[in-house]
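# A look at the structure
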Amino acid sequence: MGKSKRRSRSLRARRELTPGLPPGTLVADPVASPPVIEAIRYGSEGVEEFGSVEPMSLSRLRDERSVLWVDVRGLGDIGMIHQIGEVFSLHPLALEDIVNAHQRPKIELYEGHYFIVVHAVEFNQHLEVHQLSIFLGKDFVLTFSDSNIPCMALLRERLAKKQDRIFQFGSDFLAYSVLDTVIDNYFPVLEKLGDHISDIEDMVVSNPKPAAIETIHGIRHELLDLRRVIYPLRDALYALYRDENNLITSETLPYLRDCHDHAVRVIDLLETYRELGSDLQDVYLSSVSNRINEVMKVLTIITTIFIPLTFIVGVYGMNFENMPELHAKNGYFVTLGVMAVIAIALIIYFRRRGWLETNDDKSQ
């Protein structure tokens, strides 16, 4: 069940529009949930929260003296997305990228607003990636996601206290705060992946089973998915704070540079885990090879001990009439004694040579 779910999510992530459709055509994902729209407005007159608002009422909430944050969760209603685009004069190509959740992280400047694509991630037994589309205007920030992203819920909780420093700045600082929340959430996700890699490594060293190969391939694919959504983000952030535009104030630029630095640190950490993930298969093969060697050594030792015993049994098993030992009164017990002495002597010899030691004994 888990494998099929991962495969279906991956297929939906690569879903493209039908070839030949005009640019800017919006086609909803059949499994997308209906939108839930919440808004927060803050400025010199204080902070106001608006829950479950209608798209056309957003035009009445706009005020050049205030900052309006509209958070849309769910992309199943194309008409509602069109209405929001009309209210804020959003570019049709940007609206198309919202509903096609396979975009790479990017920053695009349209007339009067930035369009930013990032990906929020979470790790619960397996990696989940959610595209987050952000519009930054002079007096507004719009965020679109396919579901309720946990790290965004933390940001909403911060703003609900109405004492956050975000309220002291403009819309550009709010957009930075969204980006910073998403990027900072990469660190605990990578930490969980690191713990998962350590658990897999311990498993393949102590008890390498064939099922471990599937687990190793799964973690490598998840690290590759992370690389695809993090690497372009570093360049996009660099372009954002280097771009000369009046939408980004000088007060926010140092914060964006710090955000870019966090993205670089995430990439460095990710590369470390990718190297560990790539080495897991070699560790597995080495562990399997060592176990096979241990089994072969035990079998070889047993065979070596029984070779002279088999020779003795074979010689006296011929039962020739003129063999004098066949008529000895205590011949049977003497032969068993000789065989026992030979076996014990061989075991002592092997032990002195260190051939009976296992890898665990050597490590101690």
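Just so it is clear, the structure is predicted and the values come from calculations on it, not from any experiment. (Residues numbered from 1 in each chain as written. Predicted model: local features only at pLDDT ≥ 70, side-chain atom pairs only at ≥ 80, totals over all residues. Heavy atoms only, no water.)

## Regarding the overall build of the protein
In terms of helices and strands, the protein carries 11 helices and 7 strands. The globule rule puts the C-alpha radius of gyration for 364 residues at 21 Å, and the 34 Å found for the protein is more than 25% above it. Viewed in the frame of its principal axes, the protein has a C-alpha envelope of about 120 × 45 × 35 Å. Counting the 364 residues in the protein, one finds 40% classified as buried. Within the protein, counting contacts between residues at least 6 apart in sequence, those at least 24 apart form 68% of the total. (Helix = DSSP H or I, 4+ residues; strand = E, 2+ residues; numbered from the N terminus. Rg over C-alpha atoms; globule rule 2.2 N^0.38 Å. Buried < 20%, exposed > 50% of the residue type's maximum accessible area, 1.4 Å probe, protein only. Contact = heavy atoms within 4.5 Å.)

## Observations concerning the nonpolar core
Core analysis: the biggest nonpolar cluster contains 60 residues, and Y186 and L226 have the highest contact counts within it. Looking at this core element by element, the count peaks at 12 residues for helix α8 (residues 211-242). Excluding residues that lie within four positions of it along the chain, Y186 makes contacts with H119, V121, V229, I230, L233 and V266. (Core = buried A, V, L, I, M, F, W, Y, C linked by side-chain atoms within 4.5 Å.)

## Digging into the confidence of the model for the protein
For the protein, mean pLDDT is 83; residues scoring 70 or higher make up 90% of the total. The secondary-structure element of the protein with the lowest mean pLDDT is helix α1 (residues 2-13), recorded at 42, while strand β7 (residues 140-145) shows the highest, at 94. pLDDT under 50 marks residues 1-15. Its contacts with residues more than four places away, or in other chains, come to 14 contacts. (pLDDT = per-residue confidence, 0-100.)

## Quick look at helix α5 (residues 150-160)
For α5, the set of buried residues is C151, M152, A153, L155, R156 and L159. Directly after α5, the chain includes K162, whose backbone phi takes a positive value near 60 degrees.

## Some points on the pairing of β7
Among the 6 residues in β7, 6 count as buried, and that is most of the element. Every second residue of β7 is oriented toward a common face, with F140, L142 and F144 on one face and V141, T143 and S145 on the other, all of them buried. Two strands pair when backbone bridges link them, and strand β3 (residues 66-73) and β7 are joined in this way by 6 bridges, in the parallel orientation. Residue pairing across strands places W69 opposite V141, the latter belonging to β7. In this sheet, β7 lies alongside strand β6 (residues 126-137) in antiparallel orientation, the contact comprising 5 bridges. Within β7, the residue paired with L136 across the bridge is V141. Adjacent in sequence and paired antiparallel, β6 and β7 are bridged by 2 residues. (Pairing = 2+ DSSP bridges.)

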